[in-house]
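Below are the chains, spelled out letter by letter.
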Amino acid sequence: VKANGKNQIMYYENIINEITNENYILLKELRYALERNEMTLNYQPQVDSRTSEIIGMEALLRWHHNGEQIPPDRFIPLAEESRLIIPIGEFVIDEALCFLRELQSKDIMVPVAINISVEQLKFELIYKQIKRSIERYAIDPKYIELEVTESVIITGREEAIAVIDKLIELGVRVSIDDFGMGYSSLSYLKRFKFHRIKLDRLFIKDFPEKDNGHIASLIIQLANSLEVEIVAEGIEKEVQKEFLLTRGCNFIQGYYYSKPLSKESCLEYIKKSLKI
Ligand code: C2E
Ligand code: CA
Ligand code: CA
Ligand code: CA
């Protein structure tokens with residue numbers, strides 16, 4: 001092992017260089033993604049499992065690049081590190097609110113959830129953008145839901161916290177994404193009037209084979225006793241949906257009901273679901 005040590009290190013260095021080089025190329029491309037119209041939003045329905053009616057949808061960003069789909073888990077971190085998330089995030093909000101306005105003009109009142117990175121909350125920009133859109137498009141703010149992760153609230157700087165406060169004051173709803181993913185402190189739950197908790201897929205994906213669902217149950221109980229809505233993410237199987245229903249969670253988002261859809265397909269889904 002000793003004799004190999006130096007080679008090993010060089011090997012890892014090469015891998016690291018390759019990774020950073022790959023990221024570097026991707027980042028360069030990311031800079032042009034918006035102006036090249038390579039980005040679109042998909043919308044994934046959220047469904048009340050008791051009635052099968054749509055109760056909301058989450059906007060999920062897609063990047064089509066050189067005939068490929070680059071997954072958000074791949075490019076969002078790069079966008080965050082490079083601050084490109086500011087213009088990209090602006091695009092996401094604009095697109096999502098445009099769709100919302102389109103729906104509301106047809107009297108279809110379904111909320112849209114938008115993912116927000118902590119970088120976006122460090123400036124008042126997002127507040128101004130959303131306020132302006134609400135006024136210009138005459139959107140009812142309670143149909144706008146912003147998803148932030150626990151880490152944003154816990155490690156978020158004062159600026160971020162202040163912006164969340166102002167957004168809530170505006171009537172916009174704020175939800176906690178990926179709930180349960182690594183922050184043991186729950187004191188922040190008292191700090192804001194949260195609209196929803198999103199139960200991370202981690203707590204249900206292996207149910208029933210390799211997970212007895214106890215943690216999911218506990219989080220649902222927590223949400224119910226705090227009188228905060230809870231949406232379970234990543235539900236793929238009927239047995240998972242049924243289990244959650246018996247535990248008091250009837251808001252479901254997952255492939256079981258629908259994958260993320262194009263705007264047009266989502267509109268069709270909404271019409272079918274609401275029988276209009
Ligand atoms: P997320 O916010 O936790 O979004 C849920 C992810 O779970 C989405 O992945 C969705 O497609 C996936 N999903 C939903 N149902 C199922 C299911 O039944 N099974 C499985 N296996 N997966 C399911 P996606 O679209 O790849 O997005 C990944 C992450 O990228 C998101 O996780 C979010 O953190 C981030 N992201 C996506 N769009 C945006 C955006 O516009 N802005 C920001 N800041 N982040 C975004
Ligand atoms: Ca989300
Ligand atoms: Ca999530
Ligand atoms: Ca996630």
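Looking at an unreviewed UniProt entry, the protein carries the name EAL domain-containing protein, with the source organism given as Fusibacter ferrireducens.

Enquirer: In this structure, what is going on with the coordination of the calcium ion (ligand 4)? I would like to understand it.
Expert: The textbook angles at a metal center are 109.5 degrees for a tetrahedron of four donors and 90 or 180 degrees for an octahedron of six. Bound to the calcium ion (ligand 4) on the protein side are Asp-178 (OD) and Asp-178 (OD), at distances that span 2.9 to 3.1 Å. The metal-metal distance between the calcium ion (ligand 4) and the calcium ion (ligand 3) is 4.0 Å, with Asp-178 coordinating both. Tracing the chain through its elements places Asp-178 in strand β6 (residues 173-179).

Enquirer: When you look at helix α3 (residues 85-105) in this model, what are you seeing that I'm missing?
Expert: Residues separated by three or four positions in an α-helix point in the same direction, a consequence of the helix having 3.6 residues per turn. Between its first and last C-alpha atoms α3 spans 29 Å; for 21 residues at 1.5 Å apiece the expected length is 30 Å, and the two agree. Within the sequence span of α3, burial applies to Ile-85, Ile-86, Ile-88, Gly-89, Val-92, Ile-93, Ala-96, Leu-97, Phe-99, Leu-100, Leu-103 and Gln-104. The arc that holds every buried residue of α3, seen down its axis, measures 165°, which confines them to one face. Just downstream of α3, Asp-107 is the residue with a positive phi angle, here 65°.

Enquirer: Teacher, can you tell me more about the coordination of the calcium ion (ligand 3) here?
Expert: Taken together, the protein donors to the calcium ion (ligand 3) comprise Asp-177 (OD), Asp-178 (OD), Glu-233 (OE) and Glu-233 (OE), at separations of 2.2 to 2.8 Å. Counting residues between consecutive donors of the calcium ion (ligand 3) along the chain gives the motif D-D-x54-E. Taken as an interatomic distance, the gap from the calcium ion (ligand 3) to the calcium ion (ligand 2) is 3.9 Å; Asp-177 donates to each of them. Since its relative accessible area comes to 7%, Asp-177 is described here as buried. Exposure remark for Asp-178: the relative accessible area of 27% places this residue in the partly exposed category.

Enquirer: Hey, could you run me through the site of ligand 1 in this one?
Expert: Near ligand 1, the surroundings consist of 21 residues, among which Arg-62, Ser-117, Asp-177, Glu-236 and Tyr-255 are the closest. Note that a nitrogen atom of ligand 1 is positioned 2.5 Å from one of the side-chain N or O atoms of Glu-236. For ligand 1, whose accessible area on its own is 800 Å², the fraction buried by protein is 83%. At the level of secondary structure, the elements contributing two or more residues to the shell around ligand 1 comprise β2 (53-65), α2 (72-82) and β6. Among the elements that take part in the shell around ligand 1, β2 stands out by supplying four residues, more than any other.

Enquirer: Explanation requested: the environment of Lys-106 in the structure shown.
Expert: You can see Lys-106 is positioned in the loop between α3 and β4 (112-115). For Lys-106, a relative accessible area of 40% puts it in the partly exposed group. Remark: the alpha-carbon pair of Lys-106 and Glu-268, spanning 162 residues in sequence, is separated by 13 Å.

Enquirer: Can you walk me through a nonpolar patch on the surface in this structure?
Expert: Residues Tyr-11, Tyr-12 and Ile-15 make up a contiguous nonpolar surface patch of about 310 Å² in total accessible area. Inspection of the secondary structure assignment puts Ile-15 in helix α1 (residues 5-33).

Enquirer: What exactly am I supposed to notice about the nonpolar core here?
Expert: In summary, soluble globular proteins display a tendency toward joint burial of nonpolar side chains. By size, the foremost hydrophobic cluster in this structure holds 81 residues, and its most contacted members are Leu-30, Tyr-43, Ile-114, Leu-121, Ile-130, Ile-144 and Leu-244. A total of 10 residues in this core trace back to one element, the largest contributor, which is α3. Residues contacting Ile-114, with those up to four places away along its chain left out, are Val-92, Ile-93, Ala-96, Leu-97, Ile-144, Glu-145, Leu-146 and Glu-147.

Enquirer: Sorry, what's going on with the environment of Asp-73 here?
Expert: By the element assignment, Asp-73 lies in helix α2. A relative accessible area of 74% means that Asp-73 is categorised as exposed. The spacing of Asp-73 and Asp-178 is 105 residues in sequence and 14 Å in space, taken between C-alpha atoms.

Enquirer: Help me understand the side chain of Asn-250 in this model?
Expert: For Asn-250, the location among the structural elements is in the loop between α8 (238-246) and β9 (251-253). A relative accessible area of 14% places Asn-250 in the buried class. There is a polar contact of 3.1 Å between the side chain of Asn-250 and the side chain of Asp-48. With near-sequence residues (within four places) excluded, Asn-250 lies in contact with Val-47, Asp-48, Ser-49, Arg-50 and Leu-245.

Enquirer: What am I meant to see in the pairing of strand β5 (residues 144-149) here?
Expert: Consecutive side chains along a regular strand alternate between the two faces of the sheet. Of all six residues that make up β5, five are buried, and the element is covered over most of its length. Bridging between β4 and β5 involves four bridges; their strand directions are parallel. Each residue of the ladder has a partner; that of Val-112, found in β5, is Ile-144. Handedness of the crossover joining β4 and β5 through helix α4 (residues 125-137): right-handed. Two strands pair when backbone bridges link them, and β5 and β6 are joined in this way by five bridges, in the parallel orientation. Across the sheet, the residue bridging to Val-148 is Ile-176, located in β6.

Scoring rules and cut-offs
Residues numbered from 1 in each chain as written. Chains lettered and ligands numbered in written order. Predicted model: local features only at pLDDT ≥ 70, side-chain atom pairs only at ≥ 80, totals over all residues. Heavy atoms only, no water. Donors = N, O, S within 2.8 Å, 3.2 Å for Na, K, Ca; no water. Helix = DSSP H or I, 4+ residues; strand = E, 2+ residues; numbered from the N terminus. Expected span 1.5 Å × (residues − 1). Buried < 20%, exposed > 50% of the residue type's maximum accessible area, 1.4 Å probe, protein only. Arc of directions from axis to C-beta. Near = heavy atom within 4 Å. Polar contact = N/O pair within 3.5 Å; in protein donor to acceptor, adjacent residues only side chain to side chain. Areas by Shrake-Rupley, 256 points an atom, 1.4 Å probe, with all protein chains shown as cover. Patch = residues over 30% accessible without salt bridge, like charges linked within 9 Å, V, L, I, M, F, W, Y side chains within 5 Å. Salt bridge = Lys/Arg side-chain N within 4 Å of Asp/Glu carboxyl O. Core = buried A, V, L, I, M, F, W, Y, C linked by side-chain atoms within 4.5 Å. Contact = heavy atoms within 4.5 Å. Pairing = 2+ DSSP bridges. Right-handed = clockwise from strand over helix to strand, strands pointing away.

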